[in-house]
Amino acid sequence: MSDVEKNIGTHKPEFDGEWVKLGDITKIITGKLDANAANANGRYPFFTCAEKALRIDTAAYDCECVLVAGNGDLNVKYYNGPFNAYQRTYIIESNSAADVCVPYLYHFLSYHVATLRAQSIGGVIKYIKLGNLKDARLPLPPLEKQKAVSSIFELIDKSKHECDKQLSNLNDLVKSQFVEMFGDTYSNSKQLPSRKLGALIDFITSGSRGWSKYYSDEGDYFITIKNVRGCSISLDNVQHVHAPNNKEAERTKVQSGDVLISITADLGRTGVVSKEIADHGAYINQHLACIRLAGEDILPLYLSFFLESPGAKDQLQRKNQTGVKAGLNFDLVKSLDILVPPLALQQQFADFVARVDKLGFDVQQQIEKLETLKQSLMQEYFG
């Protein structure tokens, strides 16, 4: 049992209270500004519905209102201080006639947003109806118990925040070790020998387009650009497919050790296909290229980190085909100059990354446990 669970076990408040409508205990208004008006008034933060970068740090609980995105990501935020808001952002303030803890409202809405999303209207872009928001029912215990409930979620969120910091520090540690071992790739400060990528690879291909008809809730992975970043492949929100039995599927199916690189839009995002992903079965879409190395001159992990280093990023930008869409063709990818250090040094780096990844896995497991605990408590308090 974690320290957080032990702490909650001794401080968990008994829960009671009447069920009330959100609209009866709060004042709900909508933002008034459009993007052009906000740009003209640069004094305060401007909140929109879809920009993920504007999420507020959930470790800060000194807040005056709750913001609910009316469309886009349908996110919930809270904020303390002056701001401007887009028309589709709902601003929820405590009703002066009711004893309401604003952080308590925030956590309830974080839980209830899934229901609001299911009730939302629209086609590609969904919209939360103001009436559904006002009619949302929540249990409202006395103010002190609201604060006690909020403090529990604060404890969990702060613990998750610390875990996120640990993961960020581990990521920085690996990047620092890469520079320590291989130098500045932009200036080639270690004077490493260089070879064209085309001379190091056995196979290169791009992924499939038009596979939406094969989408499913289970099956093989369909890896897209959003799953590839930071020399790794994330399976969070990965799309599944029942791949067709044809030559295209055979060509775009990845193997263990393949290096994936984005070749359109955000160029140079990379990741290495693990044995677990390859054994499960995975394919790539058209925004990614799959590089399969030949021989033993270069390790996939080293190549992935090199391709995300400043020296390679500079080459990618210079070789980028400008136009309506940014992009790289195979000849340009093959023409990249790759610094090739001794294989033993590459292996030493790979071993270091494996040790750090083990630490990161343990931290990620703790984050998942905290999130499971939070969801369980939200169900108990708000369900």
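You'll find the structure just up there.
Cut-offs and rules
Residues numbered from 1 in each chain as written. Predicted model: local features only at pLDDT ≥ 70, side-chain atom pairs only at ≥ 80, totals over all residues. Heavy atoms only, no water. Helix = DSSP H or I, 4+ residues; strand = E, 2+ residues; numbered from the N terminus. Buried < 20%, exposed > 50% of the residue type's maximum accessible area, 1.4 Å probe, protein only. Phe/Tyr/Trp six-rings, centres within 6.5 Å; stacked < 30°, edge-to-face > 60°. Salt bridge = Lys/Arg side-chain N within 4 Å of Asp/Glu carboxyl O.

A. Quick look at unusual backbone geometry. In the Ramachandran plot, Gln191 falls in the positive-phi region, its phi being about 55 degrees despite a non-glycine side chain. Within the secondary structure, Gln191 sits in the loop between helix 6 (143-182) and strand 9 (194-196). Its relative accessible area of 65% is what places Gln191 among the exposed residues. Despite not being glycine, Asn237 has its phi angle at roughly 60 degrees, a positive value. Following the sequence through the fold, Asn237 ends up in the loop between strand 14 (232-233) and strand 15 (239-241). Residue classification places Asn237 among the exposed residues on the basis of a relative accessible area of 70%.

B. Broad picture of the packing of aromatic side chains. A full pass over the atoms with the stated rule returns 17 aromatic pairs. On the basis of an interplanar angle of 55 degrees and a centroid distance of 5.4 Å, the ring pair of Trp211 and Tyr283 is categorised as tilted. Taken together, the positions of Trp211 in the loop between strand 10 (201-206) and strand 11 (215-216) and Tyr283 in strand 18 (residues 282-284) put the pair 72 residues apart, joining distant regions of the chain. Note on Trp211: relative accessible area 3%, which makes it buried.

C. Structural context of the pattern of salt bridges. According to the stated counting rule, one finds 15 salt bridges in the structure shown. For the salt bridge of Asp135 with Lys21, the shortest nitrogen-to-oxygen distance reads 3.8 Å. One end of the pair, Asp135, is in helix 5 (residues 130-135); the other, Lys21, is in strand 1 (residues 18-21), with 114 residues separating them in the sequence. For Asp135, a relative accessible area of 44% puts it in the partly exposed group. The partly exposed category is assigned to Lys21, whose relative accessible area is 32%. Of the charged contacts, one joins Glu144 and Lys147 as a salt bridge, the two residues approaching to 3.9 Å between their closest N and O atoms. Of the two residues, Glu144 and Lys147 both sit in helix 6, three residues apart, roughly one turn of that helix. Relative accessible area serves as the criterion here: at 40%, Lys147 is assigned to the partly exposed category. Residues participating in the shared-partner salt-bridge network are Arg229, Asp266 and Arg269.

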